[in-house]
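Each chain is listed here by its residues.
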Amino acid sequence: MRPAAVQHALLLLLVTLGFVLFRAESLQACGQTLRAMFGGAPLWDADALYALRSFAGVLLLGAVGATRLPKWLWKRLEPHPVSAVLGPVLTGLLLLAATAALVDGSFNPFLYFRF
Amino acid sequence: MKRKASIATAAVFLAVLFGFSLLHLALPDREVSRSERRRLAQLPPLSSGFSDKLEEYMLDQFPLREQLRTVNSLVRLYGLGQADIHGIYLQGGGAFRMDGPLQEKQVRHAAAVLFRRAGEIFPVASVALCHRTG
């Protein structure tokens with residue numbers, strides 16, 4: 001049995017590699033991206049640093065959101081009566097923000113059409 | 001209490017889901033997007049490539065598209081601290097697009113072409129101009 005941390009890292013690696021295949025416009029583009037990921041491109045450049053800084057907020061939010069922290073926080077808040085209002089309102093706002101992001105076309109909502 | 005909150009959450013979700021479908025049917029399709037300065041996709045005829053065109057149509061004619069684009073820009077700029085939206089930067093009360101680096105070779109080429117043309121029309125003046133600018 002492998003240690004949990006190694007298993008976790010392996011899973012993340014597989015998800016990252018899998019998502020290249022999923023996201024690529026063509027098999028050629030997929031190959032290019034994979035080559036760049038495995039030494040075919042410099043480790044970082046000005047563009048990469050800029051993108052990392054610009055998307056730091058969303059990356060951080062995603063990383064924290066992937067842990068058990070939000071659930072733990074919500075469990076603590078749930079007995080409070082305000083949660084009955086806060087739950088639906090926050091869910092609705094999040095759904096609206098996600099819809100707005102899809103509409104703005106930065107991400108293709110019909111990703112599955114590519115298969 | 002918990003049950004009511006669950007029902008409310010489900011109601012919000014259904015309202016958004018069906019609300020936008022109904023709004024799409026109720027609102028007329030738009031011709032152009034002024035903020036993007038482009039024509040919007042229209043309902044495609046049934047032909048080859050229909051699903052691709054339908055995808056563009058659905059995205060372009062999404063109800064309240066302009067407002068939702070604004071929401072997205074606000075969330076990204078102020079909520080997530082993104083530096084630009086589709087390559088547009090806010091700086092000192094204005095919105096700017098960053099241009100690529102200056103291609104000196106192309107500028108020289110364009111200048112050379114311009115001077116040659118000018119030389120065909122005003123032979124003497126262009127020689128003087130070329131001389132002065134190098």
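Above this text sits the structure in question.
Everything numeric here is computed off the predicted structure, so don't read it as measured data.

Trainee: Explanation requested: the packing of aromatic side chains in the structure shown.
Mentor: For any pair of aromatic rings, the description consists of the separation of the ring centres together with the inter-plane angle of the planes. Summed over the entire model, instances satisfying the criterion amount to 3 aromatic pairs over all chains. Measuring from ring centre to ring centre gives 6.2 Å for Tyr50 of chain A and Tyr89 of chain B, while their planes differ by 50 degrees; the resulting arrangement is tilted. With Tyr50 of chain A in helix 3 (residues 46-54) and Tyr89 of chain B in strand 3 (residues 88-91), this pair bridges two chains. The class of Tyr89 of chain B is buried, set by a relative accessible area of 18%. Judged by centre distance (5.1 Å) and plane angle (40 degrees), the rings of Phe20 of chain B and Phe62 of chain B are tilted. Here the residue Phe20 of chain B occupies a position in helix 1 (residues 2-26), and Phe62 of chain B occupies one in the loop between helix 2 (50-60) and helix 3 (65-79), the gap between them amounting to 42 residues. According to the relative accessible area criterion, Phe20 of chain B is buried, its value standing at 12%.

Trainee: Where do I start with the pairing of strand 4 (residues 94-97) of chain B in this structure?
Mentor: Taken residue by residue, a regular strand's side chains alternate between the two faces of the sheet. Residue and element names in this part refer to chain B. Relative to strand 4, strand 3 is paired through 4 bridges, and the arrangement is antiparallel. From the neighbouring strand, Ile88 faces strand 4, where its bridge partner is Arg97. In sequence, strand 3 turns back onto strand 4 through a hairpin of 2 residues, with Gly92 there showing a positive phi of about 50 degrees.

Trainee: Just checking my understanding: could you explain the side chain of Ser33 of chain B for this structure?
Mentor: Residue and element names in this part refer to chain B. With respect to the helices, strands and loops of the structure, Ser33 is situated in strand 1 (residues 32-33). Reaching out from Ser33, the side chain makes a polar contact with the side chain of Glu36 at a distance of 2.7 Å. Only 3.4 Å separates the side chain of Ser33 from the side chain of Glu66, close enough to count as a polar contact.

The rules behind these values
Along each chain, residues carry numbers from 1 onward, in the same order as the chain's sequence is written. The lettering of chains begins at A and the numbering of ligands begins at 1, in the order of writing. Per-residue local features are limited, in this predicted model, to residues with pLDDT of at least 70; the limit for side-chain atom pairs, both in listing and counting, is 80 or more; totals at the level of whole chains, interfaces and linings are taken over all residues. The basis for every side-chain value is the complete set of heavy atoms in the structure, and neither hydrogens nor water enter the calculation. For Phe, Tyr and Trp, where Trp contributes only its six-membered ring, two rings pair if their centres lie within 6.5 Å, and the inter-plane angle classes them as stacked under 30 degrees, edge-to-face over 60, or tilted in between. Counting from the N terminus, the helices are DSSP H or I runs at least four residues long and the strands are E runs at least two residues long. In this scheme, a residue with accessible area under 20% of its type's maximum is buried, one over 50% is exposed, and one in between is partly exposed, where area comes from a 1.4 Å probe on protein chains only. One requirement defines pairing of two strands: DSSP has to find at least two bridges between them. Contacts described as polar in this section are N or O atom pairs within 3.5 Å, which, within protein, must combine one atom able to donate a hydrogen with one able to accept it, while residues neighboring in sequence count only if both atoms come from side chains.

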